Amino acid sequence: MSRQRKGEVSKQDQPDQNRRDFLKKSAATAVATVAPGVVLHTAQATPRNEPVTDKVRWGMMIDTSKCADGCNECVEACNEENGLTAYSMPEGADESTWDQQRPKWIRTVKVQDNLTGHVTNLPMMCQHCEHPPCQDVCPTGASFRRADGIVMVDRHTCIGCRYCMMACPYKARSFIHENVDIKPSLAPRGKGCVESCNFCVHRLDNGQTTTACQDACPEKAIIFGDLNDPNSEVSQALASYPTVQIRADLKLNTGVRYSGV
Amino acid sequence: MSYRIKLKGLALVVLAMVMSIASVSQAGPNWRETTNSKAAESARSGGQCVRETQWMRNNHMVLLKKDRDFTVHEGIRTVDGSLSECVACHSNTENGKHVPVNAMEGPDGKQFCASCHAFTGVKLNCFQCHAAVPTE
Amino acid sequence: MKKIFYKEWGIDSPKYWLILAVLAAIAGVGGLAAFYMEHNGHWVTGMNNQIVWGMPHVFAVFLIVAASGALNVASIGSVFNKKIYKPLAPLSGLLAIALLIGGLLVLVLDLGRPERLIVAMTTYNFKSIFAWNIILYNGFIAIVAIYLWTIMDRKVNRYYKTAGMAAFIWRLILTMGTGSIFGFLVARQGYDAAIMAPWFIIMSFGFGMAIYILVLMDAFRRDQRPLGDAVMQRLKNLLGIFVAANLFFMVIYHLTNLYGTENHAFEAFILLEGGIYTVMFWVGQVLVGGLLPLAILFHPALGMQRSWLSAASLMVILGGLATMYVIIIGGQAFPMSLFPDKTIIDTGFYDGVGGAIAAYTPSLPEVLLGIGGVSVALIITVIGMRMLKILPVSLEDKIADPHSAA
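Residues numbered from 1 in each chain as written. Chains lettered and ligands numbered in written order. Predicted model: local features only at pLDDT ≥ 70, side-chain atom pairs only at ≥ 80, totals over all residues.

Just checking my understanding: could you explain the overall build of chain C for this structure?
Within chain C one finds 14 helices and three strands. Along the three orthogonal principal directions, the C-alpha set of chain C runs to about 75 × 45 × 40 Å. Per-residue burial over chain C gives 55% buried out of 406 residues. Here the analysis covers contacts within chain C between residues at least 6 apart in sequence; of these, 78% occur between residues at least 24 apart. (Helix = DSSP H or I, 4+ residues; strand = E, 2+ residues; numbered from the N terminus. Buried ≥ 20, exposed ≤ 12 C-beta atoms within 10 Å, placed from the backbone. Contact = placed C-beta atoms within 7 Å.)

Okay, structure coming up:
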C-alpha cells in the first residue's frame, strides 16, 4: 500500500490477510454498484491509490452551437448522479420559495444578444477556475482547488457561512437548505454545507474519465477531459475552435471554455 | 494553497477525550454473538478488518479524520478507513434490508455506532451527509 | 474640570430586573428562532441560493460596525487627549464589547453548521478576509477589555494611553476588514470597490455615536444623573459631522459607479428601478439616515433639545439598518453580469431573466434572530453598567467641562 501510517500493523503481522483482501474487494464492488438513482457505471472501478497531482488538469469545452433549445438532459443527469432529486420539498414549505432554495449544480441558460437578437443556449456550472474567488474567501479553507484542477467543497470543514456563494462570479454554488433523507453513497451531502459541480469527482477518482453531463448530452456539446494532455479530445477541440471564458475579464483562467458565446 | 493550518493541541485534546471515553465504554450487548453484519461474522471467526479491535475503539475517530482528508483533498479512495466500506461491513440486515448503522433500534437493539455513542453521549454527525446503509 | 467619580447604575432594583427580564425574553425568542433555523435548515428562512445573506447579516454587520464606532468616544479621549471625553470612555468601551458580542452571536447562529464554530476558530485560510475577521473580532473584545481595565484600575492606569492607541488601531483595521468583506468581491457589481473599507469606517463612527448617545441619555435619565450641555452638544456636533461624512462617501461611491457605463444598470437599479431597494436607499439611507438627522443636529433651535437629539440618533440607527439592507441584500439581488450586452431569456437558476432582480422576503425567524442579538448587546450593557463603575456620577457642566469657570 502506498500510505503507511504510524501505528499501522504491517502486512506480515496481520492474521487474516485473505479475509481483508476479500472484504476490500467486495466492498469496492458494492460501492461501485448501483446506489438509489445512480446511473450504472461500467465495471472498471479502479479506485485511486496515489494522491492527485497537477499532472492532469480537468477541463471542459462546451460547444453552444450544439446545445439544443429546451433540452435538459445534462441537468437531469447531474441531478441523478449527485442525489439532487432524491428528496422532495420539505413539508410546510412554500413552493416558489423552495424552488429558489433547491440546489442546482448545472443549469441551462438561454441568452439573447441585445443588438443582434441571436439566441444562444448553454449549460452553466462551476467553471473550475485556476484562481477561484471561492477558494480565496473561504474562512476555513473548505472551498479549495484540488491539485488536478477540480474546485470543490470539503464538507467536513464547511461551516455554512455562504461567503463563497457571494464570491462566485458564476453563481455556481448552492447551499443545502434542508435535511437530506437519501444520501448517495458516492456523493455524500447534507444540510448546512455549500456544494457545487465537482466534475463528478467520485467517478474520476474511481477510474472513469467522463462526467455525467457529458455522457448524457445527446448532441455531444459537452466535451470533458484532461487539458494538460494535448491528445485528449477536449484539448484538440479547444485547439480547433475559438473559445472564450465567461467573464474573462476577471482573469480566473477557468477550466470550462465555451465556443459560440 | 495546500493544507489548512491546524492546532496540534486541539487534536491531542480530542484524542485524549476519545481515548478516555472510549476506554470506558463497551461495544454494546453481545453484538458480536447475535447480529448478522459482515463484521460480526468476521469477528465470530476471529478476524479483524482494518485494525485490531481495541485500537479501533480508541482511535477510530483519528483514523476517520485523517482518511477523510486523504479522500477529499488527495482523491485517494482505497484508504481502508473509507466510511462507505465501514458501513457496508457493519450494518445488519433485517428482512433482507440493511439497517442504518447508526440507528437506535434494530436487530439486537442499538446498531453498531449507536451502541457506543449513545452511552458515551458523543453525537455523531457523519450520517447527516454520509449514507448509513450500504449501496446495493 | 473637577475630579470625576464613577458609580454603578443606581436605578431601583425592581426596575432593573424588569428591564433585564424583558431583554432576556427578547433574546430568548431570538435564540429559539436560531434553533428553529438550525434544526430545520435554512429553508424556513427567506434566504435562498440567490440571496444568501439576509436579515441576520443586516443586523450582524450593523452591530459589528456600530461596535467599532462606539469605541470612538473613548478613543477621542485617550488617543486625541480631549479631556471632556475621558469620563465617557468606560461606557464607550463597554458598549463596544456589548455590540460586538451581539453582532457576532447573530452571525454565528446563522451559520449553516454553527456547531462547527470551533473549526472556524482553529482552521484558517489566511487569504480570506473572513478568517482575518474572526481574529480581529475576538482580538477586539480582548483589547477593549484590557483597555477598560487600564482606565478603571488605578494600578495599571499608566498603560491606558498604549491600550487606547492599540484599541484605536485595531478597531480601524477591524472595520476595514468588515468593509472589505464586500469590497474584495469581484463577482458582484455592487461590491468590488476599494471605497467599501473606509466607507464602513465612516459609517461606524455615525452608528456607534448614535447608539452611544441614546444609551448615555437613557441611563442617566433613569438614574437621575445630571447630563450637561457641554458634553451633549459636543456629542451632537460629532454625530452631525459623522453623518455628513457618511453622506459624502455614499455620494462618491455612487458618482464613481455612475461615471462608468459598466455600472449604469446597477445604479439604475439602486437609484430608480429597484422597488424596495430604491425606497430603502432614498428614504432609509439618504433621508432618514442622512439628511433629516443632519438638518436636526445643526438646526440652531432643534439641535439644542434632548428629545430632538434622541430622535436624530434613532434616525441614524434606522438609516444604518437601511444602508445595510441596500448594500448587503440589494447587492445580491441585482442579477450577476454573466453576459454583458446580452439578455438572459431563460434560466434554470434564477439568473435574472430579462434583468429581473432576485426575490427576497425577510422571514420572521431571521428578524427575530437579529433583534435577539440587539437584546444580548443591551443585556451586556445593562449588567455592565449595574455591576461596574462605568457611569460617571454626574456630567453636569461645572464638573465635566474642562473650561467651565467653576
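Is there a simple way to explain the sheet that holds strand S8 (residues 222–226) of chain A in this structure?
Within a sheet, adjacent strands bond to each other through the backbone by hydrogen bonds, running parallel or antiparallel. Residue and element names in this part refer to chain A. Read from one edge to the other, the open sheet built from three strands follows the order S8-S1-S9, with strand pairing classed as mixed. Of all strands in the sheet, those bounded by a partner on one side alone are S8 and strand S9 (256–259). Averaged over neighbouring strand pairs, the angle between their axes works out to 20° when direction is ignored. With five bridges connecting them, strand S1 (residues 58–63) and S8 associate as antiparallel partners. Residue pairing in the sheet places Ile62 in a bridge with Ile222 of S8. On the sheet, helix H8 (residues 233–240) packs against S1, S8 and S9 and is oriented at approximately 115° with respect to S8. (Pairing = 2+ DSSP bridges. Axes fitted to C-alpha atoms, helices over the stretch in contact; angles between N-to-C directions.)

Whenever I open this one, the environment of C:Ile213 confuses me. Can you help?
Residue and element names in this part refer to chain C. Position of Ile213 relative to the elements: it lies in helix H8 (residues 196–222). Note on Ile213: 23 C-beta atoms within 10 Å, which makes it buried. Separated by 107 residues in sequence, Ile213 and Gly320 place their C-alpha atoms 15 Å apart. Residue contacts for Ile213: discarding those within four places in its chain leaves Leu235, Leu239, Leu309 and Ser313.

Before we go on, may I ask you to explain the confidence of the model for chain A in this structure?
In regions of low pLDDT, the predicted coordinates are not meant to be interpreted in detail. Residue and element names in this part refer to chain A. Within chain A, residue pLDDT values average 85, and 82% of them lie at 70 or more. Per-residue pLDDT, averaged within each element of chain A, yields its smallest value for helix H1 (residues 17–32) (45) and its largest for strand S4 (residues 143–145) (97). Counted against residues more than four places away or in other chains, residues 1–44, with its pLDDT under 50, gives 53 contacts. (pLDDT = per-residue confidence, 0-100.)

Hey, could you run me through the sheet that holds strand S2 (residues 106–113) of chain A in this one?
One open sheet holds the three strands; their spatial order is S3(A)-S2(A)-S2(C), and the pairing between them is antiparallel. Looking along the sheet, the strands with just one partner apiece sit at the ends: strand S3 (119–125) of chain A together with strand S2 (342–347) of chain C. Neighbour-to-neighbour, the strand axes of the sheet open up by a mean angle of 35°, direction not taken into account. Against the sheet, helix H2 (residues 73–82) of chain A contacts S2 and S3 of chain A, and its axis sits at roughly 160° relative to S2(A).

Mind showing me how you'd approach unusual backbone geometry here?
For residues besides glycine, phi is generally negative; the peptide bonds are generally trans as well. All names here are of chain C. Positioned with a positive phi, Asp192 is a non-glycine residue whose angle comes to about 50°. Looking at the secondary structure, you find Asp192 in the loop between helix H7 (160–183) and H8. Non-glycine residue Asp341 carries a positive phi angle of around 65°. Its location among the elements puts Asp341 in the loop between helix H12 (306–333) and S2.

Even after reading the chapter, I still don't get the interface of chain A and chain C, so can you show me in this structure?
By a frequent convention, interface size equals the accessible area lost on bringing the separate parts together. At the interface, 48 residues of chain A touch 39 residues of chain C. Elements represented by at least two residues in the side of chain A that touches chain C include exactly helix H3 (95–101), S2, helix H4 (133–137), helix H5 (163–167) and strand S6 (174–175) of chain A. No other element matches S2(A), which puts seven residues into the side of chain A that touches chain C. Of the residues contributing to the side of chain A that touches chain C, the split by class is 24 nonpolar, 14 polar and 10 charged. (Nonpolar A, V, L, I, M, F, W, Y, C, P; charged D, E, K, R; others polar.)

Before we go on, may I ask you to explain the packing of helix H1 (residues 13–40) of chain C against helix H13 (residues 364–387) of chain C in this structure?
Any two packed helices are characterised by the angle at which their axes cross and by the distance between the axes. All names here are of chain C. Between H1 and H13, whose axes approach to 7 Å, the crossing angle comes to 145°. Remark: the crossing between H1 and H13 carries left-handed chirality. Residues that form the contact of H1 with H13 fall into these classes: 20 nonpolar, five polar and one charged. (Left-handed = near helix turned anticlockwise from the far one by under 90°.)

Would you take a moment to explain the pairing of S2(A) for this structure?
Each regular strand carries side chains that alternate between the two faces of the sheet. The pairing of S2(A) with S3(A) spans seven bridges and is antiparallel. Across the sheet, the residue bridging to A:Arg107 is A:Met124, located in S3(A). Between the antiparallel neighbours S2(A) and S3(A) lie five residues, among them A:Gly117 with a positive phi of about 80°. Pairing geometry for S2(A) and S2(C), over five bridges, is antiparallel. When the bridges of S2(C) are listed, A:Lys110 appears paired with C:Asp346.

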